[in-house]
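# Structure assessment
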Amino acid sequence: AQSVTQPDIHITVSEGASLELRCNYSYGATPYLFWYVQSPGQGLQLLLKYFSGDTLVQGIKGFEAEFKRSQSSFNLRKPSVHWSDAAEYFCAVDLLNAGNMLTFGGGTRLMVKP
Amino acid sequence: EAQVTQNPRYLITVTGKKLTVTCSQNMNHEYMSWYRQDPGLGLRQIYYSMNVEVTDKGDVPEGYKVSRKEKRNFPLILESPSPNQTSLYFCASSPPRDRGREQYFGPGTRLTVT
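Residues numbered from 1 in each chain as written. Chains lettered and ligands numbered in written order. Predicted model: local features only at pLDDT ≥ 70, side-chain atom pairs only at ≥ 80, totals over all residues. Heavy atoms only, no water.

## Some words on the overall build of chain B
The line we're drawing: For the purposes of this entry, the term helix denotes a DSSP run of H or I that reaches at least four residues, the term strand denotes a run of E that reaches at least two, and both are numbered from the N terminus. Note on method: radius of gyration uses C-alpha positions; expected globular size equals 2.2 Å times residues raised to 0.38. Only protein chains enter the area calculation, which uses a 1.4 Å probe; residues under 20% of their type maximum are buried, those over 50% are exposed, and those in between are partly exposed. Working rule for contacts: check all heavy atoms of both residues, and any pair within 4.5 Å makes them a contact. Residue burial considers only the protein chains on display, and all accessible areas are found by Shrake-Rupley using a 1.4 Å probe.
Helix and strand content of chain B: zero helices and 11 strands. Each helix (α) and strand (β) of chain B, taken in turn from the N terminus, gives the series β-β-β-β-β-β-β-β-β-β-β. In terms of overall size, chain B behaves like a compact globule, its C-alpha atoms giving a radius of gyration of 13 Å where 114 residues would be expected to give roughly 13 Å. In terms of overall dimensions, chain B has C-alpha extents of about 40 × 30 × 25 Å along its principal axes. Counting over 114 residues, chain B shows a buried share of 53%. Partitioning the contacts of chain B with sequence separation of at least 6, the portion at a separation of at least 24 is 53%. Carbon and sulfur atoms make up 50% of the accessible area of chain B, which amounts to about 5,400 Å² in all.

## Focus: the pattern of salt bridges
Where charged atoms of side chains with opposite charge meet at close range, the side chains can pair. Residues and elements named next belong to chain B. What counts is decided by this rule: Between Lys or Arg on one side and Asp or Glu on the other, a salt bridge is scored when a side-chain nitrogen of the former is within 4 Å of a carboxyl oxygen of the latter.
In the structure shown here, the tally under the stated rule is 11 salt bridges over all chains. Two residues, Glu30 and Lys71, come together in a salt bridge whose shortest N-O distance is 3.7 Å. Residue Glu30 is located in the loop between β3 (19-25) and β4 (31-38), and its partner Lys71 is located in the loop between β7 (65-66) and β8 (76-78); the two are separated by 41 residues in the primary sequence. Judged by its relative accessible area of 24%, Lys71 falls in the partly exposed class. Between Arg44 and Asp38 there is a salt bridge, with the nearest N and O atoms lying 2.8 Å from each other. Residue classification places Asp38 among the buried positions, given a relative accessible area of 11%.

## Some points on the interface of chain B and chain A
Using the following cut-off: Think of a polar contact as two N or O atoms within 3.5 Å of one another; within protein, one of them needs to be a possible hydrogen donor and the other a possible acceptor, and neighboring residues in sequence only count if both atoms come from side chains. Note that Gly is not counted as nonpolar here; it falls among the polar residues with everything else outside the nonpolar set of Ala, Val, Leu, Ile, Met, Phe, Trp, Tyr, Cys and Pro and the charged set of Asp, Glu, Lys and Arg.
With 24 residues of chain B at the interface, the matching set in chain A holds 24 residues. Linking chain B with chain A are one salt bridge. Summed over the shared surface of chain B and chain A, the number is four residue pairs in polar contact (both at pLDDT 80 or more). Elements that contribute at least two residues to the side of chain B that touches chain A include exactly β4, β5 (42-51) and β9 (87-94) of chain B. In terms of residues, the side of chain B that touches chain A owes the most to one element, β5(B), which gives five residues. Per-class residue counts for the side of chain B that touches chain A are 10 nonpolar, nine polar and five charged.

## Topic: the state of the cysteines
All names here are of chain A. The condition is simple: The rule for a disulfide is simple: a pair of cysteine sulfur atoms within 2.5 Å.
Under the counting rule described, the total for this entry stands at two disulfides over all chains. The side chain of Cys23 participates in a disulfide bridge whose partner is Cys91; the two sulfur atoms lie 2.0 Å from each other. Across the disulfide from Cys23 to Cys91, rotation about the S-S bond amounts to roughly -65°, and the bridge is consequently left-handed. Placement of the pair is Cys23 in the loop between β3 (19-21) and β4 (24-25) and Cys91 in strand β10 (residues 87-94), with a sequence separation of 68 residues. An identical accessibility class is assigned to Cys23 and Cys91; each is buried.

Below is the structure:
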């Protein structure tokens, strides 16, 4: 079945440590790929997106993500986490069909230790 | 300010009492969608609309209705709410594919059905 998987439901890192959140998708073609962040009680904010071209994309708040076609992955990274990064992160794919616009992973909740 | 607004933000209701959640966007976007968010499941699309008077089902449409009489508005209607529709609901809008299809989300509506 076609799906988006975020294997880590919860991740805890220390402030200042590096971060990598995993995302894998199972589709035949390369979709559009997104990472969104949801802070407590807030809506979803787009961190970054990949449509084509350079496989390393830069986003807001110091985040980046790398698309690896061979692994069907689009992992999110940040070299040094800040306490304000504590939130839930969602990977999403756009299959470029007419209507099913975004398929989301289950989310990864990030906690940051002082 | 470009935005998607939803009302109400919080709603507690009883089984069977019809309700409507409004959604409005000021970006002149053609596409609009409704999603529900449940723990561990990420966001799942309920309905989408590609333009005025054009709507179609997403992944989880049962128990919901929508309408798109104006480009800016896309209300979600629960004719007879049930407890399994307790969830966090998000409205989103986006331009069509040739302009990026990045989705903009509203702040969410937390619905509780008792």
